[in-house]
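# Coordinate inspection notes
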Amino acid sequence: MTDNDTEATATIGPEQEVAGRARRAGEREPGRAAPPDLRRVGLSPDHWYPVALSREVRRGKAVATAFAGERIALYRGRSGAVHALEDRCAHRQVPLSMGVVDGDTLRCCYHAWAYRGDGRISQIPYLSKGDARPPRGVRGYPVREAYGMVFVFPGDPAMAQTATLPELPAYGPAGYRTMTYSRTVRCHYSFMHENLLDMNHQFLHRGVVGKLRPRLLDARTGPRSVEARYLFRHDGGKRNRGANLLAREGLGGSDSSDVMTIRTEYPYQTLDLVPEGAARPAFRLWAAYVPEDAEQRTCHVYGLLMIEKPRVPGVLQLAWPLIRRFTERVFAEDRMAVEAEQRAWDEQGEDRNHEVFPLILDVREVLRRNGVPLGPRPAGGPACAPCAP
């Protein structure tokens, strides 16, 4: 949590939920101007976003990806560094992701114009030295690799130096092993934030987790964040073996309670589960929902599930397939629900949700406050890099 969040944070206990609901219900009060439709608010580009897994960007290959309708070409040059360029040749607009990696440059597949990693044109092979050349190349994006993913900064390049990558202390150390997810979901990114933060939807997962009873312990809201702590207890029904293993309860499960902490720290989201009597989380989840299209009705979900290793060597390796199948099934059910929400929005042309959970009203406000309005894209696209002299 940042210092600014700490100063402005409000804590909500169970006894305050009714009062909080009335206070936040202003977005539905007759005669009061409705806030902007959240599904028409775009994700702020001034952050680091994963756009590919590192293993997908092999040396000497170009890969097509996107952020909010901006097509981006990634390539790994001879040096091993990954570069990110606007995915179009300045000559005939052919996608550079169709091109050929030549050393540390990327050549368009059509006329072999060569681009450096910053987007500058380094060579037009059929022009002599004295011939006139175009004044600009294409946009180059700041790019970093971390946690097995390629991050780009699609916003103001001047802000990239001071903007920080997410901190994931559980990634890499010997105490945890990481399961990576990369999936496209056909919905606005805000539906994903709401889905994870609102644990009252466990009925959706009754076939894999049985009867779970979540109880909100407390919540904190700041200018850029919303955090909720839930107490989870299994109240019957058949529970998937992968769920038991993930929560460190063995194949047979147990009647113990777990504390789950979920946090939207704009623009990312995290989840920690601490079993009863444990000193640290049994698993930690980090997720980013990266819009792919200009209208931001489709997002790509990048997730890192960091699972604590048990004391007995090799046990987690044996449990890995069961845990993977369990998490994939839960994700599939969540995707079904959020994509149905998006279809309803598309059909109705507006958000007709009647939300009553104060926590979700809070996270909507955080997403609105930190996002950007969706509107027509400017003609000519982003600024391009000049040609090399």
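Just above, that's the structure.
Here's what I pulled together on the structure shown here. (Residues numbered from 1 in each chain as written. Predicted model: local features only at pLDDT ≥ 70, side-chain atom pairs only at ≥ 80, totals over all residues. Heavy atoms only, no water.)

Another point: the overall build of the chain. If you tally the helices and strands in the chain, you get seven helices and 21 strands. Burial analysis of the chain (389 residues in total) assigns 50% to the buried set. The contacts of the chain with a sequence gap of at least 6 include a subset with a gap of at least 24, amounting to 64%. As presented, the chain carries roughly 18,700 Å² of accessible surface, and 52% of it is formed by carbon and sulfur atoms. (Helix = DSSP H or I, 4+ residues; strand = E, 2+ residues; numbered from the N terminus. Buried < 20%, exposed > 50% of the residue type's maximum accessible area, 1.4 Å probe, protein only. Contact = heavy atoms within 4.5 Å. Areas by Shrake-Rupley, 256 points an atom, 1.4 Å probe, with all protein chains shown as cover.)

Here we take up unusual backbone geometry. Along the chain, Y266 connects to P267 via a cis peptide bond; the corresponding omega equals 5 degrees. In this fold, P267 is placed in the loop between β17 (257–265) and β18 (268–275). Its identity as a non-glycine residue notwithstanding, A112 has a phi of 70 degrees, on the positive side. Here A112 shows up in the loop between β8 (105–107) and β9 (114–115). Of note in this structure, Y147 is not a glycine but carries a positive phi near 55 degrees. Mapped onto the fold, Y147 is located in the loop between β12 (143–146) and β13 (149–152).

Right, let's talk about the packing of aromatic side chains for a bit. For the structure shown, the criterion picks out six aromatic pairs. Centre to centre, the rings of W48 and F153 are 5.4 Å apart; their planes meet at 65 degrees, and the pair counts as edge-to-face. With W48 in the loop between β2 (41–42) and β3 (49–53) and F153 in the loop between β13 and β14 (176–185), this residue pair connects regions lying 105 residues apart in the sequence. Both residues of the pair, W48 and F153, count as buried. (Phe/Tyr/Trp six-rings, centres within 6.5 Å; stacked < 30°, edge-to-face > 60°.)

Strand order across the open sheet formed by three strands is β3-β13-β12, with antiparallel pairing between neighbours. Edge positions in the sheet fall to β3 and β12, since each has one partner strand and no second. Averaged over all neighbouring strand pairs, the angle between strand axes comes to 35 degrees, with direction disregarded. By the bridge criterion, four bridges tie β12 to β13 in an arrangement that is antiparallel. In the sheet register, A146 faces β13, and the bridge partner there is M149. (Pairing = 2+ DSSP bridges. Axes fitted to C-alpha atoms, helices over the stretch in contact; angles between N-to-C directions.)

Moving on: helix α7 (residues 358–370). In this model α7 runs 19 Å from its N-terminal to its C-terminal C-alpha over 13 residues, within 8% of the 18 Å that 1.5 Å per residue would give. When you tally the buried positions in α7, you get 11 out of 13 residues, the bulk of the element. Of all the residues in α7, the buried ones are P358, L359, I360, L361, D362, V363, R364, V366, L367, R368 and N370. (Expected span 1.5 Å × (residues − 1).)

Within the largest apolar cluster, 86 residues are counted, with the highest numbers of intra-cluster contacts made by L74, M192, Y230, W286 and I307. Among the elements that take part in this core, helix α6 (residues 315–348) stands out by supplying nine residues, more than any other. Ignoring any residue separated from it by four or fewer positions in sequence, one finds I307 in contact with G175, Y176, R177, M179, L246, A282, F283, L316, W320 and I323. In this structure, C89, L96, L106 and V138 belong to the second largest nonpolar core, which totals 14 residues. (Core = buried A, V, L, I, M, F, W, Y, C linked by side-chain atoms within 4.5 Å.)

What follows deals with the pattern of salt bridges. For the structure shown, the criterion picks out 23 salt bridges. One salt bridge connects R324 with E328, and the closest N-O pair in it is separated by 3.3 Å. In this pair, R324 and E328 are both assigned in helix α6, four residues apart and thus about one turn of the helix distant. On the accessibility criterion, E328 (22% relative accessible area) is partly exposed. Taking the shortest distance from any N to any O, the salt bridge between R352 and E350 comes out at 3.0 Å. One network of salt bridges, in which partners are shared, links R39, E194, D351 and R364. (Salt bridge = Lys/Arg side-chain N within 4 Å of Asp/Glu carboxyl O.)

Glancing now at the environment of R186. Secondary-structure assignment places R186 in the loop between β14 and α3 (189–197). Assessed through its relative accessible area of 52%, R186 is described here as exposed. In sequence terms R186 and T298 are 112 residues apart; their C-alpha atoms lie 4.2 Å from each other. Residues within four places of R186 in sequence aside, it is in contact with R297, T298, E339 and Q342.

Two numbers describe how α3 lies on α6: the axes approach to 10 Å, and their chain directions differ by 130 degrees. Relative to α6, the element α3 is oriented oblique. Read as a crossing pair, α3 and α6 show a hand that is right-handed. Residue-level inspection shows F191, M192 and N195 of α3 in contact with α6, the latter providing F331, D334, V338, E341 and Q342. Residue classes in the contact of α3 with α6 are distributed as four nonpolar, two polar and two charged. (Parallel < 35°, antiparallel > 145°, perpendicular 65-115°, else oblique. Left-handed = near helix turned anticlockwise from the far one by under 90°. Nonpolar A, V, L, I, M, F, W, Y, C, P; charged D, E, K, R; others polar.)

Mapped onto the elements of the fold, T105 is located in strand β8. There is a polar contact of 2.8 Å between the side chain of T105 and the backbone oxygen of D102. Setting aside residues up to four positions removed in sequence, T105 forms contacts with Y75, V100, A114, Y115, R116 and S122. (Polar contact = N/O pair within 3.5 Å; in protein donor to acceptor, adjacent residues only side chain to side chain.)

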